[in-house]
Amino acid sequence: MKKIIINGNRPLTGEVTISGAKNSAVALIPAAILADSPVILEGVPDIQDVHSLIEILEIMGAKVHFSQNVLEIDPREIVSVPMPSGKINSLRASYYFMGTLLGKFGEAVVGLPGGCYLGPRPIDLHVKGFEALGASVSNEHGAMYLRTDKQSLKGNRIFMDVVSVGATINVMLAAVKAKGQTVIENAAREPEIIDVATLLNNMGAKVRGAGTDVIRIEGVEQLHGCRHFMIPDRIEAGTYLALAAAVGNGIKVKNVIYEHLESFIAKLQEIGVNMTISEDEIEVFPSKNLKAANIMTYPYPGFATDLQQPLTPLLLMTKGTSEITDTIYAKRVNHVPELARMGADISVEGNLIITNGPNKLHGAEVVASDLRAGACLVIAGLLAEGTTTIYNVEYILRGYDHIIEKLTALGAEIQMVEEVEAE
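Since the model is a prediction, treat every value here as computed from it, not as a measurement.

### Side note on helix 4 (residues 96–105)
Counting buried residues in helix 4 gives nine out of ten residues, a clear majority hidden from the surface. Taken together, the buried residues of helix 4 touch helix 1 (22–31), helix 2 (48–60), strand 6 (107–111), helix 5 (124–132), strand 8 (143–147) and helix 6 (165–175). Backbone geometry just downstream of helix 4 places Gly106 in the positive-phi region, at approximately 80 degrees.

### Here's the deal with the domain arrangement of the chain
According to the domain assignment, the chain consists of domain 1 (2–18 + 232–418) and domain 2 (22–229). Relative placement of domain 1 and domain 2: their C-alpha centres are 31 Å apart. Buried area between domain 1 and domain 2, summed over both chains or domains, comes out near 1,700 Å², and the portion from carbon and sulfur atoms is 56%. Of all residues in domain 1, the largest losses of buried area upon contact with domain 2 belong to Tyr300, Tyr329 and Arg398, amounting jointly to 37% of the total for that side. The interface formed by domain 1 and domain 2 includes two salt bridges.

### Section: the packing of aromatic side chains
One pass over the structure, following the stated rule, counts two aromatic pairs. Aromatic side chains Tyr95 and Tyr96 sit 4.9 Å apart centroid to centroid with 80 degrees between the ring planes, which places their arrangement in the edge-to-face category. Here the two residues Tyr95 and Tyr96 agree in accessibility, since each one is buried. Seen from their ring centres, Phe264 and Phe303 are 5.7 Å apart, and the 45 degrees between their planes marks the pair as tilted. Placement of Phe264 in helix 9 (residues 262–271) and of Phe303 in the loop between strand 17 (295–297) and helix 10 (308–316) is noted, with a sequence separation of 39 residues between them.

### Description of the UniProt feature "binding site: UDP-N-acetyl-alpha-D-glucosamine" (unreviewed entry) in the chain
What UniProt calls "binding site: UDP-N-acetyl-alpha-D-glucosamine" (unreviewed entry) maps, in this numbering, to Arg92, Arg121, Pro122, Ile123, Asp124, Leu125, Asp306 and Ile328. Tracing the backbone through its elements, the reader meets Asp124 in helix 5. On the accessibility criterion, Asp124 (57% relative accessible area) is exposed.

Rules of the game
- Residues numbered from 1 in each chain as written.
- Predicted model: local features only at pLDDT ≥ 70, side-chain atom pairs only at ≥ 80, totals over all residues.
- Heavy atoms only, no water.
- Buried < 20%, exposed > 50% of the residue type's maximum accessible area, 1.4 Å probe, protein only.
- Helix = DSSP H or I, 4+ residues; strand = E, 2+ residues; numbered from the N terminus.
- Contact = heavy atoms within 4.5 Å.
- Domains from an automatic or database assignment.
- Buried area = accessible area lost by both parts, 1.4 Å probe.
- Salt bridge = Lys/Arg side-chain N within 4 Å of Asp/Glu carboxyl O.
- Phe/Tyr/Trp six-rings, centres within 6.5 Å; stacked < 30°, edge-to-face > 60°.
- UniProt positions renumbered as here; feature names shortened; annotations may be inferred.

Set out below in structure tokens:
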């Protein structure tokens, strides 16, 4: 079992470069198997979710090489095999193999997805989309069985009842080789969807409208390999911007696409964070008299649900009362009691997280309940007086590339240690 130990209350300074987007990588990697020749992905983050996907690809017969953030995937010898439940259960985005295997082979057997528990996240919309394309879907012994009668999907018009990134991408992956046109209405608009569409188009697909709420896909018979450089991770960028505002003494965050973070940066400016925004980097300076603010999460381009937890430690430093409402994952509150253990004046009332500040945090033993809660506790630990020990750090390693090295380079006293469990 690994744990992170932080000696906090040390101002951080320097530069940090943002890695490729986790939420792109976990869709781009399954998408690569739709090709008939090798695909090279550049800027791939070195995170646990990526390594889990690589293991799945290798079990399926792909030849994979990953070095220095470049991932080469040769899918020519891939066969449709039941997805191993162990790895499937370790990450939510494993469900993208449903769309790619269905599109490539006309069939798929995929274990039900795992990942961070943030409350109910059903895959009903995914199933609805696959069925609209002509697939039959059944849940048998904890796995999803997807089949087509004639080994071929047919394009259709699909309206998403709610905006869903996962369902939008999954239907895209299944539809690119379907016969005829598929139209996805009320589609999600996240930058990661544009990234996936760009890869598919580079492979020879015909996807139009990604980034809007209507995506049109003309099915093609074959897709070929290509080279694709993925977008930077806007959630990692937001995490380091929040950290820089909370505990920084001048930090430059590099490899940032400002347009992907407009709602988040607007909220930092409302709080009173002093920063300079350049073409692909943002420099955050020490800020005084930070003001409380209310946060409400929405689908893109609104305030991202994945950034409400990393922003919370900064809100604890502000003067006054702040309220956070997560309209996407109302149960995303498990970081609250951990922050309270560190001395934070924070509570949950109904569907609201309420903070009163400013707070003086102290080190404590805390437990990460999910990926972004883990990032929140890291920032809180860097702010706190004394030593903070974070458990369940496997969640953090799922989504933050070389987080210990990046924070150490900024001057943090942070280390990850392996705890030997007693027999």
